[in-house]
Amino acid sequence: MPVVFEIETGGPGLYEFTDQLCDWLSGRGNGVACLMVQHTSASLLIQENADPDVQVDLRAFFERFVPRATDPSMGYLRHTAEGADDMPAHIKASVLPVSLSIPVRDGRPMLGTWQGIYLFEHRDRPHRRRVAAQFSVGG
């Protein structure tokens, strides 16, 4: 049975929801968890969860990679009616994953030692983001 995780964001940044996923997977056995963010201005990442500077640096990189629509380098953008952060958020979501498939063994995601599951919020204001999840049983 699919489930939807709701993740409250407070603006741009990475929001870990590994614990929510682990709770949902507990007791499910072996298979694959498929996740998909139901928004066009946010992404999903498997990323390091030990050093918070990793998330700070990722956010800084993507702010430079795709600056706000008010930046002179972004003068070509046409979709600006929803704010200076909107079209850049769509671009970021188009180059970053919006879905993930994660192997599951004995009801636990097979993540590496320092890996966590994150929603990457690209918009300035807080949002309630939805991530659809499906577990498929496997060998």
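Just above sits the structure.
Computed from a prediction, not measured in an experiment: that's the story for all the values here. (Residues numbered from 1 in each chain as written. Predicted model: local features only at pLDDT ≥ 70, side-chain atom pairs only at ≥ 80, totals over all residues. Heavy atoms only, no water.)

**Observations regarding the pattern of salt bridges**
Convention followed: Should a side-chain nitrogen of Lys or Arg be within 4 Å of a carboxyl oxygen of Asp or Glu, the pair is scored as a salt bridge. What counts as a helix is a DSSP run of H or I of at least four residues, what counts as a strand is a run of E of at least two, and both are numbered from the N terminus. Buried, partly exposed and exposed residues are distinguished by accessible area as a fraction of the type maximum, computed with a 1.4 Å probe on protein chains only: under 20%, between the cut-offs, and over 50%, respectively.
Enumeration over the complete set of coordinates arrives at eight salt bridges. Two residues, Arg 128 and Glu 6, come together in a salt bridge whose shortest N-O distance is 3.5 Å. Taken together, the residues span a long stretch of sequence, with Arg 128 in strand S8 (residues 127-137) and Glu 6 in strand S1 (residues 3-9) at a distance of 122 residues. Across the salt bridge formed by Lys 92 and Glu 63, the nearest N and O atoms sit 2.9 Å from each other. In this pair, Lys 92 is assigned in helix H3 (residues 86-95) and Glu 63 in helix H2 (residues 52-65), connecting sequence segments 29 residues apart. On the accessibility criterion, Lys 92 (4% relative accessible area) is buried. Where salt bridges share partners, they join Glu 6, Glu 8, Arg 128 and Arg 130 into one cluster.

**Things to note about the packing of aromatic side chains**
Put simply, the test is: The pairing test for Phe, Tyr and Trp rings, Trp by its six-membered ring, is centres within 6.5 Å, and the orientation test on the planes gives stacked under 30 degrees, edge-to-face over 60, and tilted for anything in between.
Under the definition given, this model contains six aromatic pairs. Considering the side-chain rings of Phe 5 and Phe 17, the 5.9 Å spacing of their centres and the 50° angle between planes classify their relative orientation as tilted. Linking Phe 5 in strand S1 with Phe 17 in the loop between strand S2 (13-16) and helix H1 (18-25), this pair joins segments that are twelve residues apart in sequence. One aromatic cluster is present, built from ring pairs that chain together Phe 61, Phe 62, Phe 65 and Phe 120.

**Regarding the side chain of Arg 129**
Selection rule: Whenever a nitrogen or oxygen atom comes within 3.5 Å of another N or O atom, the pair is scored as a polar contact, on the condition that within protein one atom can donate a hydrogen and the other can accept it, and that pairs from neighbouring residues in sequence are kept only if both atoms are in side chains.
Structurally, Arg 129 is set in strand S8. We classify Arg 129 as buried; its relative accessible area is 3%. One polar contact links Arg 129 to Glu 121, side chain to side chain, over a distance of 2.7 Å.

**A look at H3**
In plain terms, the rule: Contacts are assigned to residue pairs that have any heavy atoms within 4.5 Å of one another.
Taken as a whole, H3 has its buried residues at Asp 86, Pro 88, Ala 89, Ile 91, Lys 92 and Ala 93. Along its buried surface, H3 packs onto strand S4 (42-48) and H2.

Don't take any of this as a statement about function, it's just geometry.
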